[in-house]
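# Overview (structure and organization)
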Amino acid sequence: MKQVCRAAQAEGRLIGLVPTMGALHDGHSSLVRAAQQRCSPVVVSIFVNPAQFGPNEDLANYPRQMERDRGLLEELRVDYLFAPTAAEIYPAGFQSYVNVDGLGDKLEGRSRPGHFRGVATVVLKLFEIARPQAAFFGRKDAQQARVIERMTADLNLDTEIVVCPTVREPGGLAMSSRNAYLSAEERAAATALSRSLRAVANEIARGERDALRLTAIIREQLSKEPLAHVDYAEIVDKNTLERVTLLRGQCYALLAAHVGKTRLLDNLLICESGGGFTVSL
Ligand code: AMP
């Protein structure tokens, strides 16, 4: 992969990288299309990264469907699929990790200690292997994108980080490889996540600016769904991911919840503009 990417770079081509864990869905395809608009060749990596899973998490059960994914990437005319083994990425004796302190410790980091250390480490390795001009991430995992932006700035990396909008099922559920774990009943219940964020959007449109009252709406909406259990619901500054008390500038309403045994994420982007706020789910 390194040789292929160095050769492309020597020809002056702009490499685009889309890091994934596979079990590809339309969210991943949207990142591929965004990459293809700006870069050639496009490299998609598929690597279920053991370093970002906690000891009691779903590493063993994480959906793996390499042949199906390969076919999809062929249909999308992706130039290269990079699918290393865990032993290639973490050979015996491996002991260097990247910590993004602060940004990596809150929210997801609090619920999943060590998660972003695993993410940042593998993404830095992928960046060094592919040396992409640009790398494409989904806003569905807003904190992850922010951690990667921070790492890229802090370590003087040359890769531009492009964050793409969340792709959703018709019922509003954010697409995720983990949705495959949901039973039909849980899948219906999981639409409560995006509904709760829509309720927040409605209250903002009616003039609500108080972050505590807005997070209370998320909890209240989700409490109506017996299969859903909130892990956290917070309104934070888009850059620092620190909690805000009043909406200001650019913020995220970030939410993690269990539906049955499946942990799902969702968020709403809230941007101050022209005296009001615009929101995007
Ligand atoms: P994953 O395979 O879940 O690690 O995700 C790989 C990349 O796809 C990450 O940058 C995710 O944020 C992004 N992604 C996952 N789900 C979606 C979605 N529904 N819409 C847009 N991007 C997504």
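All values derive from a computational prediction rather than experimental measurement.

## Comments concerning the sheet that holds strand β1 (residues 16–20)
With respect to topology, five strands assemble into an open sheet ordered β3-β2-β1-β4-β5, the strand pairing being parallel. Since the sheet does not close on itself, it has two edges, and those belong to β3 (80–82) and β5 (160–164), each with one partner. Along the sheet, successive strands turn relative to each other by an average axial angle of 25 degrees, direction set aside. In this structure, β1 lies alongside strand β4 (residues 134–138), joined through two bridges in parallel fashion. Counted as the bridge partner of L17 is A135 from β4. Where helix α2 (residues 26–38) meets the sheet, its contacts fall on β1, β2 (42–46), β4 and β5, and the angle it forms with β4 comes to roughly 155 degrees.

## Details of helix α7 (residues 142–154)
If you check α7, its first and last C-alpha atoms are 18 Å apart, about what 13 residues at 1.5 Å a residue would give, namely 18 Å. The set of residues buried in α7 consists of A142, Q143, A145, R146, V147, I148, M151 and T152. In the core, the buried residues of α7 are packed alongside α5 (108–111), α6 (115–130), β4, β5, β7 (250–259) and β8 (262–273). Backbone geometry just downstream of α7 places N156 in the positive-phi region, at approximately 55 degrees.

## Some points on the pairing of β7
Most of β7 is tucked away, with eight of its ten residues classed as buried. Relative to β8, β7 runs antiparallel, the two being bridged by ten bridges. Bridge assignment links C251 to a residue of β8, and that residue is I270. Here β7 hands over to β8 after two residues, with G260 in that stretch at a positive phi of 60 degrees.

## Quick look at the sheet that holds β8
Pairing between the strands of a sheet comes from backbone hydrogen bonds, and it takes one of two forms, parallel or antiparallel. The four strands lie next to each other as β6-β7-β8-β9, forming an open sheet whose pairing is antiparallel. Of all the strands in the sheet, the pair left with one neighbour each is β6 (228–237) and β9 (276–280). Taking each pair of neighbouring strands and ignoring which way they run, the sheet shows an average axis angle of 20 degrees. Of the strands in this sheet, β7, β8 and β9 touch helix α8 (residues 184–205), which is tilted by about 15 degrees from β8. Seen against the sheet, helix α9 (residues 211–223) touches β6 and β7 and runs at an angle of roughly 160 degrees to β6.

## Considering unusual backbone geometry
Look at the link from S40 to P41: it is a cis peptide, with omega at 5 degrees. The phi torsion at N156 lies on the positive side, around 55 degrees, for a residue other than glycine. The topology assignment puts N156 in the loop between α7 and β5. The class of N156 is exposed, set by a relative accessible area of 65%.

Conventions adopted
- Sequence order as written defines residue numbering, which begins from 1 separately in each chain.
- Reporting in this predicted model follows two pLDDT cut-offs: at least 70 for local features of residues, and 80 or more for side-chain atom pairs to be given and counted; totals over whole chains, interfaces and linings ignore these cut-offs and use all residues.
- For the side-chain quantities, the full set of heavy atoms in the structure was used; hydrogens and water were omitted.
- Paired strands are those between which DSSP finds at least two bridges.
- In DSSP terms, a helix is any run of H or I states spanning at least four residues, a strand is any run of E spanning at least two, and both are numbered starting from the N terminus.
- Convention adopted: a line fitted to C-alpha atoms gives each axis, helices being fitted over their contacting stretch, and angles between N-to-C directions are expressed from 0 to 180 degrees.
- Any two residues having at least one pair of non-hydrogen atoms within 4.5 Å are treated as being in contact.
- To estimate how far a helix should extend, the number of its residues minus one is multiplied by 1.5 Å.
- Categorising residues by exposure relies on relative accessible area from a 1.4 Å probe, with only protein chains included: less than 20% of the type maximum marks a residue as buried, more than 50% marks it as exposed, and the intermediate range marks it as partly exposed.

Geometric descriptors of this kind do not, in isolation, establish any biological role.
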